[in-house]
Amino acid sequence: QVQLVESGGGSVQAGGSLRLSCAASGYTYSKYYMGWFRQAPGKEREGVAAITTGGGTTFYADSVKGRFTISRDNAKMTLYLQMNSLKPEDTAMYYCAANPGWLVLHRGAYTYWGQGTQVTVSS
């Protein structure tokens, strides 16, 4: 049974930092590209960052470039998102997801999804 479990969300003031984690199980984690998405109330789910199987190549949405860093530890089957210089507009539910082989931020490409962790940034 495939499981992706996010953690690390919380409330922080603008300018602060959070580190999200996503623990994977039930599939061959190292063979899947991974991504982070977010969804704010009343908005579409949008891609934030993606990473290749080995972690050597990453891709970011323009809105987070230079502030967020995606990484992965295949031995621990865990995906990370380091978020710095957080802004109120980063407030959303954050989801991790897995796809078989595309470095994209298109949610339709992703096969497996977690349940999400809430990030709230106050001004």
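Quick look at the structure, then. (Residues numbered from 1 in each chain as written. Predicted model: local features only at pLDDT ≥ 70, side-chain atom pairs only at ≥ 80, totals over all residues. Heavy atoms only, no water.)

1. Concerning the nonpolar core
- Formed by 36 residues in total, the largest nonpolar core has its most connected members in W36, L79, L81, M83 and Y94.
- Broken down by secondary-structure element, the contributors of at least two residues to this core are β3 (18-25), β4 (33-39), β5 (46-51), β7 (68-73), β8 (78-83), β9 (92-99) and β11 (117-122).
- Contact partners of Y94, with chain neighbours within four places excluded, come to E6, L20, F37, R38, V48, F68, L81, M83, G116, T117 and V119. (Core = buried A, V, L, I, M, F, W, Y, C linked by side-chain atoms within 4.5 Å. Buried < 20%, exposed > 50% of the residue type's maximum accessible area, 1.4 Å probe, protein only. Helix = DSSP H or I, 4+ residues; strand = E, 2+ residues; numbered from the N terminus. Contact = heavy atoms within 4.5 Å.)

2. Overview of the sheet that holds β3
- In spatial order, the strands read β1-β3-β8-β7; together these four strands make up an open sheet with antiparallel pairing. In the strand order of this sheet, the two ends are held by β1 (3-7) and β7, each with one partner. Neighbour-to-neighbour, the strand axes of this sheet turn through a mean angle of 15°, independent of strand direction.
- In this sheet, β8 lies alongside β7 in antiparallel orientation, the contact comprising six bridges. Residue pairing in the sheet places D73 in a bridge with T78 of β8. (Pairing = 2+ DSSP bridges. Axes fitted to C-alpha atoms, helices over the stretch in contact; angles between N-to-C directions.)

3. A look at the environment of A49
- Mapped onto the elements of the fold, A49 is located in strand β5.
- For A49, a relative accessible area of 0% puts it in the buried group.
- Along the backbone, A49 and T69 are 20 residues apart, and their C-alpha atoms lie at a distance of 7.9 Å.

4. A closer look at the pairing of β5
- For β5, a buried count of five out of six residues is recorded, marking the element as mostly surrounded by other parts of the structure.
- Pairing analysis gives five bridges linking β4 to β5, with the strands arranged antiparallel. Within the sheet, the bridge partner assigned to F37 lies in β5 and is G47.
- Pairing between β5 and strand β6 (residues 58-60): three bridges, direction antiparallel. Residue pairing for β6: I51 is matched across the bridge by T58.
- Between β5 and β6, which follow one another and run antiparallel, lie six residues, and G55 among them has a positive phi close to 85°.

5. Observations concerning the pairing of β11
- The alternating pattern of β11 places T117, V119 and V121 on a buried face and Q118, T120 and S122 on a face that is not buried.
- As defined by bridge partners, strand β2 (residues 10-13) adjoins β11 across four bridges and the pair is classed as parallel. Residue pairing across strands places G10 opposite V119, the latter belonging to β11.
- Both β9 and β11 contribute to a ladder of three bridges, which runs antiparallel. Bridge pairing links A92 to V119 in β11.

6. Brief notes about the side chain of R72
- Position of R72 relative to the elements: it lies in strand β7.
- No salt bridge is formed by the buried R72. Its closest oppositely charged neighbour is D73, at 8.3 Å.
- A polar contact of 3.2 Å, which involves the side chain of R72, links it to the backbone oxygen of T53.
- In this structure the side chain of R72 is engaged in a polar contact, spanning 2.8 Å, whose partner is the side chain of N74.
- In contact with R72, other than residues within four places in its own chain, are Y29, S30, Y32, Y33, M34, I51, T52, T53, G55, T78, L79 and Y80. (Lys, Arg positive; Asp, Glu negative; His and termini not counted. Salt bridge = Lys/Arg side-chain N within 4 Å of Asp/Glu carboxyl O. Polar contact = N/O pair within 3.5 Å; in protein donor to acceptor, adjacent residues only side chain to side chain.)

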